[in-house]
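So you can see what is in the structure, the chains are spelled out below.
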Amino acid sequence: PPSLHAEELSMTDFVLGTVCTVRLMEGGSKATLDEAFSRLRTIEDRMSANRDDSDISQVNVMAGKKPVKVSEDTFYVISKALEYARLTNGAFDPSVGPLVKLWNIGSGDEKVPPTEKIMAAKALVDWRQIVLDTTTRTVFLKKPGMALDLGAIAKGYAADEIEKILLNHKVKSAVIDLGGNVFVFGSKKDKSSWRIGIQNPESERGEYLGIVSAGQMTVVTSGVYERYFIENGKRYHHIMSTQTGFPVDNDLISVSIVSKSSIDADALSTALFVLGIEKGMEFLKQFPDTYAIFIDKDHNVYLSPGAGKVFTLQDKSYRYAEKCYC
Ligand code: AMP
Ligand code: MG
């Protein structure tokens, strides 16, 4: 059950597959928190790939058969995801469902699937076979066996939706933390900048390698440490290459995005992770006021142009890479 911490007006609950906290620092009431969490649960009910009655599961069950009408929420998030699929040429692909299900990373008893199964699942991943009809608000997956998975973008959408609720409730200052997708809202009472820690990908949760400091913003990280298993000394994590059918293997351990829009930051963190440093930096140029921080296995930190204005490195075992994109 959700726990309410009355002294500081914050609420924590397990939603969207993760621990979510909303902390009101100035303005708002318990009703604000109730509305925020009920919104989170609605989004989960509609977009989870693990609930039989969600929009997403219904679309998946009807793959190759017929279009399914979905809620406005779900339609919007799928449209956004498709936009990123188009822009990244399928590096980001919301039809990654068959690979996600096959690998089942995070389930507890994972092993590397047989190659034939990986190839078969990979063949079903193709964003071009997703048909959206705006007039009927339906979604159709053309091939049987195809499946949507919005795990790379739904939390970002959810954070933006809570932002709207905070605005409606005239909240002046708040922190939204959806399992490490952090959104700081409004301004702090003392008017100082917000500070958001970037998780050290190789240590305990809550240990930061650096700090992002700015006004209202969202910081979203995609990392190999979120969900993974180890087999024969090799790490298999949850961000899939739609090219190989295996987890992306490009020396990155995390990518963080700083932005005003959480849905974009969420999609971008995953997309840039898949694209890698070179292509990712190039890709990011089309997004103004959006910064990226890439971390590789050798503890090099790569900043996108302008990111140095908001990011400060703290952990001495990391260093700025020789190659600069700034
Ligand atoms: P994130 O933590 O935001 O980077 O999202 C990772 C999640 O997105 C995974 O757990 C999958 O559910 C899904 N996913 C994995 N690979 C991809 C991909 N290439 N494109 C889109 N979504 C993906
Ligand atoms: Mg993401």
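Check the entry above for the structure.
For clarity, every value in this text was computed on a predicted model and none was experimentally measured. (Residues numbered from 1 in each chain as written. Chains lettered and ligands numbered in written order. Predicted model: local features only at pLDDT ≥ 70, side-chain atom pairs only at ≥ 80, totals over all residues. Heavy atoms only, no water.)

Attention now moves to the coordination of the magnesium ion (ligand 2). Coordination of the magnesium ion (ligand 2) by the protein involves Ala152 (O), Asp266 (O), Asp266 (OD) and Thr270 (OG1), with metal-donor separations of 2.0 to 2.5 Å. Donor residues for the magnesium ion (ligand 2), ordered by position in the chain, follow A-x113-D-x3-T. Placement of the pair is Asp266 and Thr270 together in helix α7 (residues 262–284), with a separation of four residues, close to one helical turn. Residue classification places Asp266 among the buried residues on the basis of a relative accessible area of 5%. (Donors = N, O, S within 2.8 Å, 3.2 Å for Na, K, Ca; no water. Helix = DSSP H or I, 4+ residues; strand = E, 2+ residues; numbered from the N terminus. Buried < 20%, exposed > 50% of the residue type's maximum accessible area, 1.4 Å probe, protein only.)

Spatial strand order, β4-β6-β5: three strands in an open sheet with antiparallel pairing. The open sheet terminates on both sides in strands that have one partner only, identified here as β4 (68–69) and β5 (130–133). With respect to the sheet, helix α3 (residues 72–87) is in contact with β5 and β6 (138–141), its orientation differing from that of β5 by roughly 130 degrees. (Pairing = 2+ DSSP bridges. Contact = heavy atoms within 4.5 Å. Axes fitted to C-alpha atoms, helices over the stretch in contact; angles between N-to-C directions.)

Compared with an ideal rise of 1.5 Å per residue, which puts 18 residues at 26 Å, helix α1 (residues 30–47) spans 26 Å between its outermost C-alpha atoms and is within 8% of the ideal. Listed in full, the buried residues belonging to α1 are Thr32, Leu33, Ala36, Phe37, Arg39, Leu40, Ile43, Glu44 and Met47. For α1, the arc enclosing every buried residue in end-on projection is 150 degrees, short of the 170-degree limit, so these residues lie on one face. (Expected span 1.5 Å × (residues − 1). Arc of directions from axis to C-beta.)

Below, the discussion takes up the pattern of salt bridges. Applying the stated criterion to the full structure yields 16 salt bridges. One salt bridge in this structure joins Asp251 and Lys297, with 3.4 Å as the shortest N-O distance. Residue Asp251 is located in the loop between β13 (234–237) and β14 (252–259), and its partner Lys297 is located in the loop between β15 (291–296) and β16 (300–303); the two are separated by 46 residues in the primary sequence. Given a relative accessible area of 45%, Asp251 falls into the partly exposed group. In this structure Lys297 comes out as partly exposed when scored by relative accessible area, which is 42%. Salt-bridge contacts for Glu278 lead to Lys323; the nearest nitrogen and oxygen are separated by 3.2 Å. Separated by 45 residues along the polypeptide, Glu278 in helix α7 and Lys323 in the segment after β18 (319–320) bring together distant segments of the chain. Residues joined by salt bridges that share partners form a network here, namely Arg39, Arg46, Asp73, Glu161 and Lys164. (Salt bridge = Lys/Arg side-chain N within 4 Å of Asp/Glu carboxyl O.)

Moving on, we get to the sheet that holds strand β17 (residues 311–313). Strand order in the open sheet formed by three strands is β9-β10-β17, and the pairing between neighbours is antiparallel. Edge positions in the sheet fall to β9 (194–199) and β17, since each of these pairs with one other strand and no more. The average angle at which neighbouring strand axes cross in this sheet is 25 degrees, direction not considered. Of the pairings in the sheet, the one linking β9 to strand β10 (residues 208–214) comprises six bridges and is antiparallel in character. By the bridge assignment for β10, Arg195 is matched with Ser213.

In this section: the side chain of Ser57. Mapping Ser57 onto the fold places it in helix α2 (residues 55–61). Setting aside its immediate chain neighbours within four residues, Ser57 contacts Ser48, Ala49, Arg51 and Asp52.

On to the nonpolar core, then. Counting residues in each nonpolar core, the largest one holds 95 residues, and the members touching the most others are Leu40, Leu150, Val212, Met217, Leu272, Ile293 and Phe294. Among the elements that line this core, the one with the most residues is α7, at 13 residues. Sequence-distant contacts of Leu272, defined by excluding residues within four places in its chain, comprise Leu252, Val255, Ile257, Gly280, Phe283, Leu284, Ala292 and Phe294. (Core = buried A, V, L, I, M, F, W, Y, C linked by side-chain atoms within 4.5 Å.)

Time to look at the packing of aromatic side chains. Using the criterion set out here, one finds nine aromatic pairs in the structure. Three or more aromatic residues joined by ring pairs make a cluster, and in this case those are Tyr84, Phe92, Phe283 and Phe287. In this structure, Arg235 is placed above the aromatic ring of Tyr228, and the distance from its NZ or CZ to the ring centre is 4.3 Å. (Phe/Tyr/Trp six-rings, centres within 6.5 Å; stacked < 30°, edge-to-face > 60°. Lys NZ or Arg CZ within 6 Å of the ring centre and 35° of its normal.)

On to unusual backbone geometry. Despite not being glycine, Leu16 shows a phi value in the positive range, around 55 degrees. Note that Leu16 resides in the loop between β2 (10–15) and β3 (18–26). With phi around 50 degrees, Asn104 is a residue other than glycine that occupies positive phi space. Tracing the chain through its elements places Asn104 in the loop between α4 (97–103) and α5 (115–123).

Read these as spatial facts, not as claims about activity.
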